[in-house]
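# Examining the three-dimensional arrangement
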Amino acid sequence: MNNKINVLGLMSGSSCDGVDAAICSFWMVEDRLNYELVDQISFRFSDELKEGLKVAASKSQLELYSLDTQFSKFLSASISTYLTNTEKVDYIASHGHTVLHAPAGGYTIQLGNGALISQGTGIPTICDFRSQDIACGGQGAPLAPLADKYLFGGHDFYLNLGGIVNISHVRDQHVLGYDIAPCNQMLNALSNLEGLDYDDDGKMASDGKLNEDLLRTLLDNNYLSKNYPKSLDNSWVRDNYTQPLLTYEDTIKNRLRTAVEFIAIAIKNDLTNISLSEEFSLLDKTIFCTGGGVFNKFMMERISFHCGSQGVKVFLPEPNIIEYKEAILMALMGYLRVGNKPNCIASVTGASKDCSAGVIYHP
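Rules and cut-offs
- Residues numbered from 1 in each chain as written.
- Predicted model: local features only at pLDDT ≥ 70, side-chain atom pairs only at ≥ 80, totals over all residues.
- Heavy atoms only, no water.
- Helix = DSSP H or I, 4+ residues; strand = E, 2+ residues; numbered from the N terminus.
- Expected span 1.5 Å × (residues − 1).
- Bend = angle between axes of the 7 residues up to and from the residue.
- Buried < 20%, exposed > 50% of the residue type's maximum accessible area, 1.4 Å probe, protein only.
- Pairing = 2+ DSSP bridges.
- Core = buried A, V, L, I, M, F, W, Y, C linked by side-chain atoms within 4.5 Å.
- Contact = heavy atoms within 4.5 Å.
- Phe/Tyr/Trp six-rings, centres within 6.5 Å; stacked < 30°, edge-to-face > 60°.
- Salt bridge = Lys/Arg side-chain N within 4 Å of Asp/Glu carboxyl O.
- Axes fitted to C-alpha atoms, helices over the stretch in contact; angles between N-to-C directions.

This part takes up helix α13 (residues 319-338). The terminal C-alpha atoms of α13, which comprises 20 residues, lie 28 Å apart, in line with the 28 Å expected from a rise of 1.5 Å per residue. Most pronounced at Lys-325, the bend in α13 amounts to some 65 degrees. Where burial is concerned, most of α13 is hidden: 15 out of the 20 residues are buried. Following α13 by one or two positions, Asn-340 has its phi on the positive side, about 55 degrees.

Next comes the structure, spelled out in structure tokens:
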């Protein structure tokens, strides 16, 4: 694996607005992995596909097969159009769109047919990155600590504020990570009540008042006190957080304000828990933040406040890394899979061993 390899990483998040794509070059120099973000783009869903993905978990098996084909053909067409005038891509690494994630039940379901994508683009395609880890007794998640370990070193904690907020901690090559709590899924669902896709800069939340009773309810969930490794399923988030928030009797602004505070406090609590279990001080530690939630200025203010109270400073990388980190992660996972190197970390997922996960389809 000494030659440079270009991989197109694809990530479809729980916000259901589109797929983030990142072309990354990877190469080895004296056993050290190097990478370059060559280009990045987002493929936006049609309204029809977006609505279908939002309710994918409730569809019949036949409907799900049809949606899988629709989603896969959308990816193939988008990639083919995009790559017309860009640098050569050797492999596609597609996370797919998560429908159900139930490691306790031994399964995880992501849409995105690698065979269709490979045939449609003429490029070898790697997909299904979670199943092997689950087969080895792991959570199949989170995957982000892999990128934190190999690509974004120099920080103590790594926070990804997506539909779900997850955290990584890398110390002396030991890596741990897990899903903390729901995040943008809740905030976007509340914003939808006002006809908005999201709360721009957190302006509505900043105008709201904290509802202490609601905050206690949000914090009083057994998942938050579970030991890691652990991970969250989108359907669980919907049933335990999003739907109760949507029906709670208070103004939208107050609910948004309270949900933001919940996210910030949950992050602070987990920083404390990690420091206690790993026996180190939080003073002067840094937390590297990425994901769409970073662009919510009010939420970042609250996260900075609560992390700062523990001595942890927030660090923001360049915008392309903030927005496309998960697509970069998928490119990395694909690169490691091509070389049959581990891309699922057992210390993070709880599996019996590290795995080189992913199924490769050739055109």
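At the junction of Ala-141 and Pro-142, the peptide bond is cis and its omega measures out at -10 degrees in the coordinates. Note on placement: Pro-142 falls in the loop between α4 (131-135) and α5 (145-150). The residue after Tyr-228, namely Pro-229, is reached through a cis peptide bond having omega 5 degrees. Phi angles above zero are rare outside glycine, and Asp-201 is one such case at about 60 degrees. Mapped onto the fold, Asp-201 is located in the loop between α6 (184-192) and α7 (203-207).

Burial along strand β4 (residues 91-94) is two-sided: Tyr-91 and Ala-93 and Ile-92 and Ser-94, pointing in opposite directions, are all buried. Relative to β4, strand β1 (residues 5-12) runs parallel, the two being bridged by four bridges. Its bridge partner lying in β4, Leu-8 is registered against Ile-92.

Judged by nonpolar contacts, the single largest core of 49 residues is most densely connected at Leu-159, Leu-161, Phe-262 and Ile-267. Here this core gets 12 residues from one element, more than from any other, and that element is helix α11 (residues 252-278). The residues touching Phe-262, leaving out its near neighbours within four places in the chain, are Ala-181, Pro-182, Met-186, Leu-215, Leu-218, Leu-219, Leu-224 and Tyr-241. The next biggest cluster of nonpolar side chains, apart from the first, holds 40 residues, and it includes Leu-146, Val-170, Ile-321 and Met-333.

Here we take up helix α12 (residues 297-308). Along its 12 residues, α12 runs 16 Å from first to last C-alpha, staying within 8% of the 16 Å computed at 1.5 Å per residue. Among the structural elements, β8 (157-161), α6, α7, α11, β11 (285-290) and β12 (312-315) are those in contact with the buried residues of α12.

The next point concerns the packing of aromatic side chains. What describes a pair of aromatic rings is the distance from one ring centre to the other and the angle between the planes of the rings. Tallying each qualifying case throughout the model produces 14 aromatic pairs. For the ring pair Phe-152 and Phe-288, a centre distance of 5.4 Å and an interplane angle of 25 degrees mean the geometry is stacked. With Phe-152 in the loop between α5 and β8 and Phe-288 in strand β11, this pair connects stretches of sequence that are 136 residues apart. Its relative accessible area of 8% is what places Phe-152 among the buried residues. Looking at Phe-288, the relative accessible area reads 5%, which means it is buried.

Attention now goes to the pattern of salt bridges. Under the defined criterion, the tally for this structure stands at 10 salt bridges. Residue Asp-148 is joined to Lys-325 by a salt bridge in which the shortest nitrogen-to-oxygen separation is 2.6 Å. One end of the pair, Asp-148, is in helix α5; the other, Lys-325, is in helix α13, and 177 residues separate them in sequence. Judged by relative accessible area, which is 2%, Asp-148 ranks as buried. Judged by its relative accessible area of 4%, Lys-325 is buried. Ionic contacts of the salt-bridge type, sharing partners, join the residues Arg-257, Glu-261 and Arg-302 into one network.

Another aspect to go through is the sheet that holds β11. Spatially, five strands are ordered β10-β9-β8-β11-β12 in an open sheet, and the strand pairing comes out mixed. Looking at strand neighbours, the two that pair on one side only are β10 (174-182) and β12, the edges of this open sheet. Across the sheet, the mean angle separating the axes of adjacent strands is 25 degrees when strand polarity is ignored. Note that β8 and strand β9 (residues 164-171) share five bridges and pair antiparallel. The residue of β9 that forms the bridge with Leu-159 is Ile-167.

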